[in-house]
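Take a look at the letters that make up each chain.
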Amino acid sequence: MYIRNDETPNIVRRIFKEYLEGNGRQSIARRLYNEGVPTPAQIAGKANAGDKWHDSTIRFILTNPHYVGDLVQGRTTTVSVTSKRRKNVPKEEQFIIKNAHEPIISREMFDAVQNQLEQRRKYITAPKLHLFTNILYCADCGTGMWYRSNRRGYICGNYARHGKKACTAHTIKEAFLKETILNDIKSLIHQIDKEQYIKKMERKSKSTKSDSQKKINKINKQMDVLKNRKRKFINLLADGIITNEEYQESIEATNKDLTELMEQKNELLSLMESEDVIETIEKLKKELLQFLNFDELTEDILHRLINRIEVKEDGTPIIHYRFATPKIE
């Protein structure tokens, strides 16, 4: 092993130095990304290489004994002879040759960093899941939103991890989200009681029935064409233009098409008969009223109510509710 004749050794030295100066792994990764420093995968020319530095990349560099001049072999092994997956080998089972090549980092600095890693691990708690975790997303980059206690709300996870080069904050307060959802439910319940809402639903129902009837009329015409075709096949058989085998094949194919069309027609007729506007409205109202009995929104209620929330750059939420309803006005 040898030291590369480019800027990469200085990047390694910088990472060790900044970590010892008190910088966190994530902040180092964010700074490197924002400065446009190529990632190890990009330097290696990997086909799927990304331009973002990650916490895990920084940790791998900080714990790599190759930088201190030690050659380590057998760090991973295959899970089995039939699998390409690999697993880590315990440190005591690895093959280590001390001072095998020229170091990039001094052993004193390397040991100091290992000590810092251990100390920080003891006192850094795991991130907590919050109410809107796994339901709140950035509308622009699609990344999940992260909770920040100092903001009492959420910011884009891409921005939190990589900075403004990756995305913008898309900040939104948790209290504002709760209030918006409860107001939406109250507004919709109030709207359901209005005569104009019922008329709107009735118009929608009439439109659905009208569309269904048009489809049924189209199916009837297609069925008439197929029935005429069957009569023509009988005449062709009688005139000796087609054989009995050809006649049977043609009739079977036509009967299959007729059966499929009849099934479609029956489904549309059932839909038209089951369309009850008042029943639909009462069912929706009952579903929404149960959520107003809760003093606090819980994770269970949120996932029953909402499919996904997207936050625009100006902090405006786009809430995708699970229940089907006309747009809240």
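Thresholds, definitions, all that
- Residues numbered from 1 in each chain as written.
- Predicted model: local features only at pLDDT ≥ 70, side-chain atom pairs only at ≥ 80, totals over all residues.
- Heavy atoms only, no water.
- Core = buried A, V, L, I, M, F, W, Y, C linked by side-chain atoms within 4.5 Å.
- Buried < 20%, exposed > 50% of the residue type's maximum accessible area, 1.4 Å probe, protein only.
- Helix = DSSP H or I, 4+ residues; strand = E, 2+ residues; numbered from the N terminus.
- Contact = heavy atoms within 4.5 Å.
- Pairing = 2+ DSSP bridges.
- Axes fitted to C-alpha atoms, helices over the stretch in contact; angles between N-to-C directions.
- Parallel < 35°, antiparallel > 145°, perpendicular 65-115°, else oblique.
- Left-handed = near helix turned anticlockwise from the far one by under 90°.
- Nonpolar A, V, L, I, M, F, W, Y, C, P; charged D, E, K, R; others polar.
- Expected span 1.5 Å × (residues − 1).
- Patch = residues over 30% accessible without salt bridge, like charges linked within 9 Å, V, L, I, M, F, W, Y side chains within 5 Å.
- Areas by Shrake-Rupley, 256 points an atom, 1.4 Å probe, with all protein chains shown as cover.
- Salt bridge = Lys/Arg side-chain N within 4 Å of Asp/Glu carboxyl O.
- Lys, Arg positive; Asp, Glu negative; His and termini not counted.
- Charge placed at Lys NZ, Arg CZ, Asp CG, Glu CD.
- Phe/Tyr/Trp six-rings, centres within 6.5 Å; stacked < 30°, edge-to-face > 60°.
- Lys NZ or Arg CZ within 6 Å of the ring centre and 35° of its normal.

Caption draft 1: Representation of the nonpolar core within the structure. In terms of nonpolar packing, the biggest core is built from 21 residues, with Ile15, Phe16, Leu32, Trp53, Ile58 and Leu62 touching the most fellow members. When contributions to this core are tallied by element, the ones reaching two or more residues are α1 (8-20), α2 (25-34), α4 (55-62) and α5 (107-123). Of all the elements, α1 adds the most residues to this core, at five residues. If sequence neighbours within four positions are ignored, Trp53 has contacts with Ile11, Ile15, Ala29, Leu32, Tyr33, Val37, Pro38, Thr39, Pro40, Ile58, Ile61 and His162. Cys156, Leu302, Leu305 and Ile319 belong to the second-largest nonpolar core, a separate cluster that totals 20 residues.

Caption draft 2: Highlighting unusual backbone geometry. One non-glycine residue, Asn99, lies in positive phi territory at about 50°. Take Asn99: it is sitting in the loop between β4 (95-97) and α5. We classify Asn99 as exposed; its relative accessible area is 59%. Of note in this structure, His170 is not a glycine but carries a positive phi near 55°. Mapped onto the fold, His170 is located in the loop between α6 (157-162) and β8 (172-173).

Caption draft 3: Examining the sheet that holds strand β6 (residues 145-148) more closely. The three strands are arranged β6-β7-β8 in an open sheet whose pairing can be described as antiparallel. Single-partner strands in this sheet number two, and they are β6 and β8. Pairing of strand β7 (residues 153-156) with β8 involves two bridges; the strand directions are antiparallel. Across the sheet, residue Tyr154 finds its bridge partner in β8, namely Ile172.

Caption draft 4: Focus on the packing of α1 against α2. For the pair α1 and α2, the least separation of the axes is 10 Å and the interaxial angle reads 140°. Here α2 runs oblique to α1, going by the angle between their axes. Pair α1 / α2 crosses with right-handed handedness. Of α2, the residues touching α1 (which contributes Ile11, Arg14, Ile15, Glu18 and Tyr19) are Arg25, Ile28, Arg31 and Leu32. Taken together, the residues of the contact of α1 with α2 sort by class into five nonpolar, no polar and four charged.

Caption draft 5: Broad picture of the sheet that holds strand β10 (residues 317-321). The sheet built from three strands is open, its strands ordered β5-β9-β10 with mixed pairing. Looking at which strands have only one partner, the edges of the open sheet turn out to be β5 (136-138) and β10. Averaged over all neighbouring strand pairs, the angle between strand axes comes to 25°, with direction disregarded. With five bridges joining them, strand β9 (residues 306-311) and β10 adopt antiparallel strand pairing. Bridged to Glu310 within β10 is Ile318.

Caption draft 6: Structural view of α1. For α1, with 13 residues, the first-to-last C-alpha span of 19 Å sits near the 18 Å given by 1.5 Å per residue. All buried positions along α1 are accounted for by Pro9, Ile11, Val12, Ile15, Phe16, Glu18 and Tyr19. Two residues or fewer past α1, Gly22 is found with a positive phi of approximately 110°.

Caption draft 7: Representation of a negative patch on the surface. A contiguous patch of negative charge on the surface is contributed by Glu245, Glu246, Glu249 and Glu252. In this fold, Glu246 is placed in helix α9 (residues 244-274).

Caption draft 8: Structural detail: the packing of aromatic side chains. A complete count under the given rule lists four aromatic pairs for this structure. A ring pair is formed by Tyr147 and Tyr154, whose centres lie 5.2 Å apart and whose planes are at 75°; its orientation type is edge-to-face. Assessed through its relative accessible area of 0%, Tyr154 is described here as buried. A network of ring pairs unites the aromatic residues Phe16, Tyr67 and Phe110 as a single cluster. Directly above the aromatic system of Tyr33 lies the positively charged group of Lys165, at a separation of 4.7 Å from the ring centroid. Taking the ring centre of Tyr137 as reference, the NZ or CZ of Arg308 above it sits at 4.1 Å.

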